[in-house]
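# Commentary on secondary and tertiary structure
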Amino acid sequence: MVWRGSLLVIQALVALTSAGGGFALMFGPSIGSLGITPQPEYLEGSPFDSYLLPGLILLVVVGGTHLVAWLLLLRRQRWADAASAVAGCGILVWIFVQMVVIPFSVLQAVYFGIGLLELVLVLLLQGILDPPRAARPAR
């Protein structure tokens, strides 16, 4: 099914990029930041002194939930749709909090859209959104 395959690709992408982003946030300043670690000034007024904890949250919470959801969906496990919904909501919360703390970035909009797409795909998998059925006239 196209919805399941699309969701698997998105979850794998988010899991991998969350791992990369998490490691970059945690260890970026110590290895020259590679140009991807946000400026330390962005943390002023936030509860964080460094990007270590946000990086760990990105890696474990966002990346971890996407990895678990991907594994469950790949193996067609009972809780795959629920895990996928949790992962999708998790990235939406992550991006929302990020937008409150640091200035806007195009990547924030992209990942927010990806989170919304994940939720739509879960609804399609559940049969809640069924475009062919919605297009049929009522009898």
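Just so you know, these numbers come straight off a predicted model, no measurement behind them. (Residues numbered from 1 in each chain as written. Predicted model: local features only at pLDDT ≥ 70, side-chain atom pairs only at ≥ 80, totals over all residues. Heavy atoms only, no water.)

## Details of the overall build of the chain
Secondary structure assignment for the chain yields five helices and zero strands. Seen in sequence order, the chain has helices and strands lined up from the N terminus as α-α-α-α-α. Residue burial in the chain is summarised as follows: out of 139 residues, 33% are buried. Considering only intrachain contacts with a sequence separation of at least 6, the fraction spanning at least 24 residues in the chain is 69%. (Helix = DSSP H or I, 4+ residues; strand = E, 2+ residues; numbered from the N terminus. Buried < 20%, exposed > 50% of the residue type's maximum accessible area, 1.4 Å probe, protein only. Contact = heavy atoms within 4.5 Å.)

## Regarding the confidence of the model for the chain
Per-residue pLDDT for the chain averages 88, and the proportion of residues at 70 or more is 88%. Ranking the elements of the chain by mean pLDDT puts helix H5 (residues 131-135) last with 58 and helix H2 (residues 52-74) first with 96. (pLDDT = per-residue confidence, 0-100.)

## Examining the packing of aromatic side chains
How two aromatic rings sit relative to each other is given by the distance of their centres and the angle of their planes. Applying the stated rule across the entire model yields one aromatic pair. Both rings, one in Phe-23 and one in Phe-27, keep their centres 6.1 Å apart while their planes meet at 20°; by these two values the pair is stacked. Taken together, the residues span about one helical turn, with Phe-23 and Phe-27 both in helix H1 (residues 2-27) at a distance of four residues. (Phe/Tyr/Trp six-rings, centres within 6.5 Å; stacked < 30°, edge-to-face > 60°.)

## Some points on the nonpolar core
The biggest cluster of nonpolar side chains holds 19 residues, and the ones touching the most others in it are Val-14, Val-62, Ile-91 and Tyr-111. Counting residues per element, the ones that place at least two in this core are H1, H2, helix H3 (80-101) and helix H4 (106-126). Beyond its immediate stretch of four places on either side in the chain, Val-62 contacts Val-14, Ser-18, Ile-57, Ile-91 and Trp-94. (Core = buried A, V, L, I, M, F, W, Y, C linked by side-chain atoms within 4.5 Å.)

## Description of the packing of H2 against H3
The geometry of H2 relative to H3 is characterised by a closest axis approach of 8 Å and an angle of 155° between their N-to-C directions. Here H2 is positioned roughly antiparallel relative to H3, judged by the angle of their axes. As for how H2 packs across H3, the hand of that crossing is left-handed. Residues Pro-54, Ile-57, Leu-58, Val-62, Thr-65, His-66, Ala-69, Leu-72 and Leu-73 of H2 form the contact with H3, whose own contacting residues are Ala-80, Asp-81, Ala-83, Ser-84, Ala-87, Gly-88, Ile-91 and Trp-94. Among the residues making up the contact of H2 with H3, the classes are represented as 12 nonpolar, four polar and one charged. (Axes fitted to C-alpha atoms, helices over the stretch in contact; angles between N-to-C directions. Parallel < 35°, antiparallel > 145°, perpendicular 65-115°, else oblique. Left-handed = near helix turned anticlockwise from the far one by under 90°. Nonpolar A, V, L, I, M, F, W, Y, C, P; charged D, E, K, R; others polar.)

## Notes on H2
For H2, spanning 23 residues, the distance from its first C-alpha to its last is 31 Å, which sits close to the expected 33 Å at 1.5 Å a residue. At Gly-64, H2 shows its largest bend, some 30°. For H2, the set of buried residues is Pro-54, Gly-55, Leu-58, Leu-59, Val-62, Gly-63, His-66, Ala-69 and Leu-73. On its buried face, H2 sits against H1, H3 and H4. Two residues or fewer past H2, Arg-76 is found with a positive phi of approximately 55°. (Expected span 1.5 Å × (residues − 1). Bend = angle between axes of the 7 residues up to and from the residue.)

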